[in-house]
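One letter stands for each residue in the lines below.
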Amino acid sequence: MVDNDIVFQISNINAWYGEKHVLKDISMRIKQRKVTALIGPSGCGKSTFLRCLNRMNDFIHNFRLEGRILYKAQDLYSPETDPIEVRRTIGMVFQRPNPFPKSIYNNIAYGLQIFGIKDRAKLDAIVEDSLRKAALWDEVKDNLGQNGLALSGGQQQRLCIARAIAVNPEVILFDEPCSALDPVATAKIEDLIMELKNEYTVVIVTHNMQQAARVSDYTGFFMLGDLVEFDDTKKIFTTPANKLTEDYITGRFG
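The rules behind the values
Residues numbered from 1 in each chain as written. Predicted model: local features only at pLDDT ≥ 70, side-chain atom pairs only at ≥ 80, totals over all residues. Heavy atoms only, no water. Pairing = 2+ DSSP bridges. Helix = DSSP H or I, 4+ residues; strand = E, 2+ residues; numbered from the N terminus. Axes fitted to C-alpha atoms, helices over the stretch in contact; angles between N-to-C directions. Contact = heavy atoms within 4.5 Å. Polar contact = N/O pair within 3.5 Å; in protein donor to acceptor, adjacent residues only side chain to side chain. Disulfide = S-S within 2.5 Å. Buried < 20%, exposed > 50% of the residue type's maximum accessible area, 1.4 Å probe, protein only.

Draft legend 1. Molecular detail of the sheet that holds strand β3 (residues 35-39). The strand order across the open sheet formed by six strands is β6-β7-β8-β3-β9-β10, and the pairing between neighbours is mixed. Each edge of the open sheet is held by one strand with a lone partner, namely β6 (90-93) and β10 (226-232). Ignoring which end each strand starts from, the neighbouring axes of this sheet average 15° apart. The sheet contact formed by β3 and strand β9 (residues 218-223) spans four bridges and is parallel. Its bridge partner being in β9, leucine 38 is matched across the sheet by glycine 220. In this fold helix α6 (residues 153-166) packs onto β6 and β7 (171-175), with an angle of close to 170° to the strand it touches most, β6.

Draft legend 2. Representation of the side chain of arginine 88 within the structure. Residue position: arginine 88 is located in helix α2 (residues 83-89). Engagement of the side chain of arginine 88 in a polar contact is seen with the side chain of threonine 89, the distance being 3.5 Å. Apart from the residues within four sequence positions on either side, arginine 88 is in contact with Phe115, Val167, Asn168 and Pro169.

Draft legend 3. Focus on the state of the cysteines. Counted according to the given criterion, the structure contains zero disulfides. The cysteine cysteine 52 is free of any disulfide, with cysteine 44 supplying the nearest cysteine sulfur at 13 Å. Free cysteine cysteine 160: the closest other cysteine sulfur is in cysteine 178, separated by 12 Å.

Draft legend 4. Representation of unusual backbone geometry within the structure. Even without a glycine there, the phi angle at arginine 55 is positive, about 60°. Mapped onto the fold, arginine 55 is located in the loop between α1 (46-52) and β4 (63-71). One non-glycine residue with positive phi stands out, namely asparagine 168, at about 65°. Of note, asparagine 168 is situated in the loop between α6 and β7. Residue asparagine 168 is classed as exposed on the basis of its relative accessible area, which comes to 56%.

Draft legend 5. Focus on the sheet that holds strand β1 (residues 6-17). Within the open sheet, the four strands sit side by side as β2-β1-β4-β5. Their pairing is antiparallel. Two strands close off the open sheet at either side, each with one partner strand: β2 (20-31) and β5 (74-75). Here β1 runs beside β2; their pairing, made up of eight bridges, is antiparallel. If you follow isoleucine 6 over to β2, its bridge partner there is lysine 31.

In structure tokens:
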């Protein structure tokens, strides 16, 4: 029986970069229209795991994956699965803002045009809607011809979120989206993430435990390639089941 509330069913995932075993027998279920945070010290495997969810690791020549990831009951790594469609459906926002060296408008319209949308009125509508959903429209609506690289760091990151939204994904993955931003820009991104879960499933890797506690519904704690604990965020931060988790969130290491 398929549980429609579960978007990702991850079963016994192991991953290697060459000989280095970076993910060790990871299993978890990620729920629809919730924010799931992945925390843990640097190099613990959380970003590698995140990239497994939309096959971004396919671009790394010595990467190898074993196990199974089902997205809405579809095997993401089956030969019949189109990785380009996977990355459209499961969008990604990276650690550092990476707008194209194009206008604000074309940063968003470019992906739509690649997918065959040429009608100007439709492009205009999607660009506006995406910028509104990314809480950027009011700041840029009079300067859509401006180069996206001229925006502030926080605005650039929201532009990248708008770009991800524009191609109509179902999931948005965030890989430490605030690590290069100041506290004011970070607060705006956090508010936006909490808004986005009304329409999208969100998975966020963060090195900031307070951020995980503020924005997420579920939290997974990674350590040296292992998923030590995965549970309701409130439980992870108040009554963790594992001593390692408690030591990490109380600052005893990491």
